[in-house]
Number of protein chains: 4
Amino acid sequence: MAPPRLRFPIIIVNFKAYMEALGKKALELAKIAEDVSFETGICIAVAPQAVDLRLISHEVRIPVLAQHIDSVPPDRYTGALTPEAVKDAGAIGTLLNHSERRLILADLDKAIKRARNIGLATVVCTDTPEVSLAVASLSPDAIAYEPPELIATGRAVSKERPEAITGVLKFISKMNPDLPVLCGAGISDAEDVKIALRLGTRGVLLASGIVKAKEPYKILKAMAEACL
Amino acid sequence: MAPPRLRFPIIIVNFKAYMEALGKKALELAKIAEDVSFETGICIAVAPQAVDLRLISHEVRIPVLAQHIDSVPPDRYTGALTPEAVKDAGAIGTLLNHSERRLILADLDKAIKRARNIGLATVVCTDTPEVSLAVASLSPDAIAYEPPELIATGRAVSKERPEAITGVLKFISKMNPDLPVLCGAGISDAEDVKIALRLGTRGVLLASGIVKAKEPYKILKAMAEACL
Amino acid sequence: MAPPRLRFPIIIVNFKAYMEALGKKALELAKIAEDVSFETGICIAVAPQAVDLRLISHEVRIPVLAQHIDSVPPDRYTGALTPEAVKDAGAIGTLLNHSERRLILADLDKAIKRARNIGLATVVCTDTPEVSLAVASLSPDAIAYEPPELIATGRAVSKERPEAITGVLKFISKMNPDLPVLCGAGISDAEDVKIALRLGTRGVLLASGIVKAKEPYKILKAMAEACL
Amino acid sequence: MAPPRLRFPIIIVNFKAYMEALGKKALELAKIAEDVSFETGICIAVAPQAVDLRLISHEVRIPVLAQHIDSVPPDRYTGALTPEAVKDAGAIGTLLNHSERRLILADLDKAIKRARNIGLATVVCTDTPEVSLAVASLSPDAIAYEPPELIATGRAVSKERPEAITGVLKFISKMNPDLPVLCGAGISDAEDVKIALRLGTRGVLLASGIVKAKEPYKILKAMAEACL
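Reading the values: the criteria
Residues numbered from 1 in each chain as written. Chains lettered and ligands numbered in written order. Predicted model: local features only at pLDDT ≥ 70, side-chain atom pairs only at ≥ 80, totals over all residues. Heavy atoms only, no water. Helix = DSSP H or I, 4+ residues; strand = E, 2+ residues; numbered from the N terminus. Rg over C-alpha atoms; globule rule 2.2 N^0.38 Å. Contact = heavy atoms within 4.5 Å. Areas by Shrake-Rupley, 256 points an atom, 1.4 Å probe, with all protein chains shown as cover. Lys, Arg positive; Asp, Glu negative; His and termini not counted. Charge placed at Lys NZ, Arg CZ, Asp CG, Glu CD. Buried area = accessible area lost by both parts, 1.4 Å probe. Salt bridge = Lys/Arg side-chain N within 4 Å of Asp/Glu carboxyl O. Nonpolar A, V, L, I, M, F, W, Y, C, P; charged D, E, K, R; others polar. Polar contact = N/O pair within 3.5 Å; in protein donor to acceptor, adjacent residues only side chain to side chain. Buried < 20%, exposed > 50% of the residue type's maximum accessible area, 1.4 Å probe, protein only. Pairing = 2+ DSSP bridges. Right-handed = clockwise from strand over helix to strand, strands pointing away. Least-squares fit on C-alpha atoms with pLDDT ≥ 70 in both. Axes fitted to C-alpha atoms, helices over the stretch in contact; angles between N-to-C directions. Parallel < 35°, antiparallel > 145°, perpendicular 65-115°, else oblique. Left-handed = near helix turned anticlockwise from the far one by under 90°. Core = buried A, V, L, I, M, F, W, Y, C linked by side-chain atoms within 4.5 Å.

**Q** Would you mind going over the overall build of chain A with me for this structure?
**A** The secondary structure content of chain A amounts to 10 helices and eight strands. Its C-alpha atoms give chain A a radius of gyration of 16 Å, within 12% of the compact-globule value 17 Å for 228 residues. The principal-axis extent of the C-alpha atoms belonging to chain A is close to 45 × 40 × 30 Å. If you take every contact in chain A between residues at least 6 apart in sequence, the share linking residues at least 24 apart comes to 67%. Looking at chain A as shown, the accessible area adds up to about 8,200 Å², and 51% of this sits on carbon and sulfur atoms. Charge-centre separation for chain A: the mean point of 28 positive side chains lies 1 Å from the mean point of 27 negative side chains.

**Q** Quick question: what am I supposed to make of the interface of chain A and chain B here?
**A** How big an interface is tends to be reported as the loss of accessible area on association of its parts. Chain A puts 35 residues into the contact, and the matching count from chain B is 34 residues. Of all residues in chain A, Val51, Arg76 and Thr78 of chain A give up the largest surface area on contact with chain B, accounting jointly for 27% of the area buried on that side. In this assembly, chain A and chain B are joined by four salt bridges. Across the pair arginine 76 of chain A and glutamate 100 of chain B runs a salt bridge whose closest N-O atoms are separated by 3.4 Å. Where the side of chain A that touches chain B is concerned, the elements lending two or more residues are helix H2 (53–59) and helix H3 (83–88) of chain A. It is H3 of chain A that provides the largest number of residues to the side of chain A that touches chain B, a total of four residues. Here the side of chain A that touches chain B is composed, by residue class, of 17 nonpolar, nine polar and nine charged.

**Q** I'm lost on the interface of chain A and chain D in this one. Help?
**A** The partner chain D presents 19 residues to the 19 residues of chain A that form the contact. In this assembly, chain A packs against chain D so that about 1,600 Å² is buried in total across both faces, 72% of it on carbon and sulfur atoms. The interface formed by chain A and chain D includes two salt bridges. Note that lysine 113 of chain D and glutamate 130 of chain A form a salt bridge whose closest N and O atoms lie 2.8 Å from each other. Between chain A and chain D we count six residue pairs in polar contact (both at pLDDT 80 or more) in total. Secondary-structure elements contributing two or more residues to the side of chain A that touches chain D are helix H4 (105–117) and helix H5 (129–136) of chain A. Per-class residue counts for the side of chain A that touches chain D are 11 nonpolar, three polar and five charged.

**Q** Sorry, what's going on with the pairing of strand E1 (residues 10–14) of chain B here?
**A** In summary, the side chains of a regular strand alternate between the two faces of the sheet. All names here are of chain B. Across the five residues of E1, five count as buried, placing the element largely inside the fold. Note: E1 against strand E2 (residues 43–47), five bridges, orientation parallel. When the bridges of E2 are listed, isoleucine 12 appears paired with alanine 45. After leaving E1, the chain enters helix H1 (residues 24–40) and then returns to the sheet as E2, a path that is right-handed. Pairing of E1 with strand E8 (residues 203–206) involves four bridges; the strand directions are parallel. If you follow isoleucine 12 over to E8, its bridge partner there is leucine 205.

**Q** How do you make sense of the arrangement of the chains when you look at a structure like this?
**A** Left apart from each other, chain A and chain C have a closest C-alpha approach of 16 Å. Spatially, chain B is disjoint from chain D: no contact exists, and the shortest C-alpha separation is 16 Å.

**Q** It is not clear to me how the relation of the copies chain A and chain D should be interpreted in this structure. Could you clarify?
**A** The two copies are related by a screw motion: chain A maps onto chain D through a turn of 180° and a shift of 0.0 Å along the axis, at an RMSD of 0.0 Å. Look at the turn and shift together and you get a two-fold axis relating the two.

**Q** Looking at this structure, I do not really get the relation of the copies chain A and chain B. What am I missing?
**A** Copies of the same chain, two in number, are related to each other by a rotation about an axis and a translation along it. Note on the identical chains: chain A maps onto chain B by a rotation of 180° and an axial translation of 0.0 Å, with an RMSD of 0.0 Å. Here 97% of the contact residues of chain A are again contact residues in chain B; the copies associate through an equivalent surface.

**Q** What's the story with the packing of H5 of chain A against helix H7 (residues 162–175) of chain A in this structure? I'm lost.
**A** Packed helices, taken two at a time, are described by the angle between their axes plus the distance between the axes. All names here are of chain A. Contact geometry of H5 with H7 gives a least axis separation of 9 Å together with a crossing angle of 25°. When the axes of H5 and H7 are compared, the pair comes out roughly parallel. For the crossing formed where H5 meets H7, the hand is right-handed. Facing Pro129, Glu130, Ser132, Leu133 and Ala136 of H5, the residues of H7 in contact are Val168, Phe171, Ile172 and Met175. Of the residues assigned to the contact of H5 with H7, the class counts are seven nonpolar, one polar and one charged.

**Q** Is there a simple way to explain the side chain of arginine 114 of chain A in this structure?
**A** Residues and elements named next belong to chain A. By secondary structure assignment, the location of arginine 114 is in helix H4. Take arginine 114: its relative accessible area is 17%, and that puts it in the buried class. Here the side chain of arginine 114 touches valine 72 through a polar contact of 2.8 Å, landing on its backbone oxygen. Ignoring anything within four residues of it in the chain, the contact list for arginine 114 reads Ser71, Val72, Pro73, Pro74, Thr82, Pro83 and Glu84.

**Q** I keep staring at unusual backbone geometry and nothing clicks. Help me out?
**A** Glycine aside, residues mostly have negative phi angles, and peptide bonds mostly take the trans form. The step from phenylalanine 8 of chain B to proline 9 of chain B runs through a cis peptide bond, and the omega angle for that step is 0°. Mapped onto the elements, proline 9 of chain B comes out in the segment before E1. Look at serine 139 of chain A: it is not a glycine, yet its phi comes out positive at around 55°. Its location among the elements puts serine 139 of chain A in the loop between H5 and strand E6 (142–145).

**Q** Can you walk me through the pattern of salt bridges in this structure?
**A** Pairing of side chains with opposite charge becomes possible as their charged atoms draw close. According to the stated counting rule, one finds 55 salt bridges over all chains in the structure shown. As a salt-bridge pair, aspartate 107 of chain B and lysine 110 of chain B come within 3.6 Å of each other at their nearest N and O atoms. Of the two residues, aspartate 107 of chain B and lysine 110 of chain B both sit in helix H4 (residues 105–117), three residues apart, roughly one turn of that helix. A residue is classified by how much of its surface remains accessible, and lysine 110 of chain B, at 40% relative accessible area, is partly exposed. Connected through salt bridges with shared partners, the residues Lys16 and Glu100 of chain A together with Arg76 of chain B form a single ionic network.

**Q** How should the pairing of strand E6 (residues 142–145) of chain B be read in this particular structure?
**A** All names here are of chain B. Here E6 shows no split at all, with Ala142 and Ala144 on one side and Ile143 and Tyr145 on the other all buried. Sheet topology places strand E5 (residues 121–126) next to E6; four bridges connect them, and they run parallel. Residue pairing for E6: valine 123 is matched across the bridge by alanine 142. Once the chain exits E5 it traverses helix H5 (residues 129–136) before rejoining the sheet at E6, and the crossover so formed is right-handed.

**Q** So what exactly am I meant to see when it comes to the nonpolar core here?
**A** Residues Ile11 of chain A, Ile11 of chain B, Ile11 of chain C together with Ile11 of chain D are the most contacted members of the largest nonpolar core, which totals 277 residues. Beyond its immediate sequence surroundings of up to four residues, isoleucine 11 of chain A is in contact with Cys43, Ile44, Ala45, Val204, Leu206, Leu220, Met223, Ala224 and Cys227 of chain A.

Keep in mind that these numbers describe shape and distance, not what the molecule does.
This is the structure we're talking about:
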């Protein structure tokens, strides 16, 4: 059976290092995501903690992403998370350059190439229009634009600064019109998702809005339906 | 059943980011370590890659260590490996400050305290007598002294520079006579282990000597017997 | 003429990256420090920005410290600030491991040794009792203990948490009773200095309390007199 | 008098952390560069160590560059080298992202914007075609392309891998045809410079080829003449 792939529109749920999304709870959340994905047909990917990648990828049939990879080869690098390791654990791709795990430009270039070479998809986070354009030059599989001032605020960039989104989209379409841009930072309900897509993005990247939710199924379902 | 604990003398096998010690192969190697440990009664711990912690800790009854932990709390830290995550995955402790993953002093202090608070053992790598003494001030569970110029050379510090080992031991015993010091860097056969113990260390930390070996069982068995 | 040396009790003024202590203004502030030092006989050292080290050390006869040095040799290290460079520029020593510029433990060990080898004094910042003891193992010329939660608050550690100071002093005196410990974090007036000395420290490290002061001469004079 | 500006073709001499280019020797080397620049009319810029910026910029009338700047504001950042500080010290611009001082992408974006805002020119080092294109997105004043495998080898990229140079030029000209690209890595004689210009670059960035030379005047003169 072919491994699940990123399809657009997409909702990516980043589990961060939250206790609410670790181990058993991570698996429960991933199954909820799978349920919603199967019910709606919308692609929902999960990005659990490194220790949970294998557990989750064996149990669900939606795309599982690492939260980060190091660009080093699988060799003498104690403590590194190589592309080979996350692939072996069942991940089909990885987030990169999250605001909580920024990368040196040269390493980001290497990490994207390393991932591509072994068949891992890359979703690269960016914080400004210029950085978004720069990342587009590195040919990742998607960009997640997250103005850092809105991350984890509950105030969605799509509502608060729609012009930031459209500006980035215009910027990137000149260089690479086919590169999907996702909307991150502050996405917390279906309305935010709807606006994000209407602005031209191909999906959203979110974390606490789902991980910390009392009823993640309900919110995720509404978000997925907003993508239809 | 109580989780396995670090006992001394000890042999710790660091799987680094090697392909030869990833996934299935990591599990095979861990089972070999378990066999040798049960046959000889000598404590053998393994430090697999983060993605393999859960897999291995569920299958073997020897101590499983992470290769590194971040000192941050289990919160908004994409890409972090928290103490809580490695514990949830079944690790009973962690290596810290390996030469390939050096830590900022303040973070090392935090990481050791965080680990201790949730019941994880810490084995901290050091590169000089002064750094070893400094780390002893932070009260880890063990120190692994590895002169960096000998790491992965196949030339054992215990043979090449025995006076370095005894110097460090004398240094540390003044501050904390009960703190176990292990010998790292270049350990590749039973003879190296025997000398390391004779010099006063309480065990060894090694990687390629086992991971890259054609007959890891044979070498590990001989090393464990050298500890008897 | 012999270069000025660190004498205790001491007041060290860290210019940080403040505009109020850059270039001409840095020189003015250094001259005020020199005036107060000559008038009171108390050692006052200044730690200007790297670009100002030469300017200031040529114009004042009080100890000039760098704010940081890299541990690398004077070789192919673009952007590095070597011990040799700050010495050539007239600094007689350096701060190290400031909370705004933490160092990897192994690099801190190297930096202290490199500094000592070429005759530079080292004043190493620490944030906890354990880290202070660890740094004492590395034999710097002085330690500046700064609980991070009080830095730049205007609330002095000597007043807010005197037991933190005495705890660190007791801790360190076991290892190295002659190692001077300075009090940092929140020192803003002569009273803070007086208490810090009474607790057993050998001086203070401060920044905004002088750099941002309307009348730095007046405050510094009162602080120096509090040391008599 | 207006400060000297970057003009193309240009030869930039990076003094790195070399002892041969520190303090008095740095000044001598800068004066040689000035002599050659005045004699030939070719723009020659020097990038001395931070402690020497003020000394040199006061004594020569050629462009003086910092080797690095931090993107932080002029505030509580002990040990930082702000754009404001290097400008105050007389630098008219800065190198950024040198292979020995790589930057996080988001910081590189910030550093370029910060520099531009206060009127500092930026010359950003890159290591691959993709990174070069990415940097072009950030609109620096020039790019210095340096394949890392050739740095400090004495083997010039212009000779060894001319197709690498032309590939990068073609790549960048699509995005920003006016952005000057310099050739770095292994430039050691006039012939290397000539080839670099013939390939379409607008100058060279070099270090040991001049700093370690017995007769820097002679080599630099020949290089400048190769630009005519």
